[in-house]
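Here's the letter readout for the chains.
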Amino acid sequence: MEREKIVAIVNNFLVNEFEVDGDEISNEANLKTTLGLDSLDYIDMVVVIESNFGVKLGETDFKKIITFDDFYSTIEKKIAEKNA
């Protein structure tokens, strides 16, 4: 899957499901600060990612994610690993 499509899908569900202001989403923005997620939100996000991309992110994945760019890259990597 192309990165642009991943970014579009992720940003769409963040705006619609998590009520994030789309203007706050940028590659360099801090994911956790921008989204203000609690532990239940992370579970919801894992479910949404799995349903949209067929991959699952775990706690160790989220520990490595700082920016939105990291988030997109992690999803992209998981998709590539699944399709390899």
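This structure is a prediction, so every number in the text was calculated from the model and none was measured.

Lay out the overall build of the protein in plain terms, naming residues and giving numbers.
Looking only at helices and strands, the protein features 5 helices and 0 strands. Starting at the N terminus and walking to the C terminus, you meet the elements of the protein as α-α-α-α-α. Rg of the C-alpha trace for the protein: 12 Å, near the compact-globule value of 12 Å for 84 residues, within the 12% margin. Considering only C-alpha atoms, the protein reaches an extent of 35 × 25 × 20 Å along its principal axes. In the protein, which comprises 84 residues, the share counted as buried stands at 36%. At a minimum sequence separation of 6, the contacts of the protein that also span at least 24 residues come to 62%. Surface exposure of the protein reaches about 5,100 Å², of which carbon and sulfur atoms provide 47%. Where the 9 positive side-chain charges of the protein centre and where its 18 negative ones centre are 10 Å apart.

Pulling in residues and values, what's your account of a nonpolar patch on the surface?
Together, L40, I43 and V47 give the surface a local cluster of nonpolar side chains, amounting to about 300 Å² of exposed area. One can find I43 in helix α3 (residues 39-53).

I'd like to hear about the environment of G22, residue by residue, with values.
Within the secondary structure, G22 sits in the loop between α1 (3-17) and α2 (31-35). When the C-alpha atoms of G22 and N83 are compared, they prove to be 30 Å apart, with 61 residues separating the residues in sequence.

Before we move on, could you go through unusual backbone geometry and cite the residues and values that matter?
Trans is the common state for peptide bonds, and a negative phi is the common state for residues other than glycine. Here E19, not a glycine, exhibits a phi torsion of approximately 55°, which is positive. You can see E19 is positioned in the loop between α1 and α2. Under the relative-accessibility criterion, E19 is labelled exposed at 72%.

How would you explain the packing of α3 against helix α5 (residues 68-83) if you had to name every residue and give the values?
Two elements in contact, α3 and α5, have axes separated by 12 Å at closest approach and are oriented at 45°. Here α5 runs oblique to α3, going by the angle between their axes. For the crossing formed where α3 meets α5, the hand is right-handed. On α5, the residues that touch M45, I49 and F53 of α3 are F71, I75, I79 and K82. Per-class residue counts for the contact of α3 with α5 are 6 nonpolar, no polar and 1 charged.

Break down the environment of A29 for me, with residues and values.
Among the secondary structure elements, A29 is positioned in the loop between α1 and α2. Residue A29 is classed as buried on the basis of its relative accessible area, which comes to 14%. Setting aside its immediate chain neighbours within four residues, A29 contacts E24, T34, I66, T67 and F68.

About the thresholds
- Residues numbered from 1 in each chain as written.
- Predicted model: local features only at pLDDT ≥ 70, side-chain atom pairs only at ≥ 80, totals over all residues.
- Heavy atoms only, no water.
- Helix = DSSP H or I, 4+ residues; strand = E, 2+ residues; numbered from the N terminus.
- Rg over C-alpha atoms; globule rule 2.2 N^0.38 Å.
- Buried < 20%, exposed > 50% of the residue type's maximum accessible area, 1.4 Å probe, protein only.
- Contact = heavy atoms within 4.5 Å.
- Areas by Shrake-Rupley, 256 points an atom, 1.4 Å probe, with all protein chains shown as cover.
- Lys, Arg positive; Asp, Glu negative; His and termini not counted.
- Charge placed at Lys NZ, Arg CZ, Asp CG, Glu CD.
- Patch = residues over 30% accessible without salt bridge, like charges linked within 9 Å, V, L, I, M, F, W, Y side chains within 5 Å.
- Salt bridge = Lys/Arg side-chain N within 4 Å of Asp/Glu carboxyl O.
- Axes fitted to C-alpha atoms, helices over the stretch in contact; angles between N-to-C directions.
- Parallel < 35°, antiparallel > 145°, perpendicular 65-115°, else oblique.
- Left-handed = near helix turned anticlockwise from the far one by under 90°.
- Nonpolar A, V, L, I, M, F, W, Y, C, P; charged D, E, K, R; others polar.

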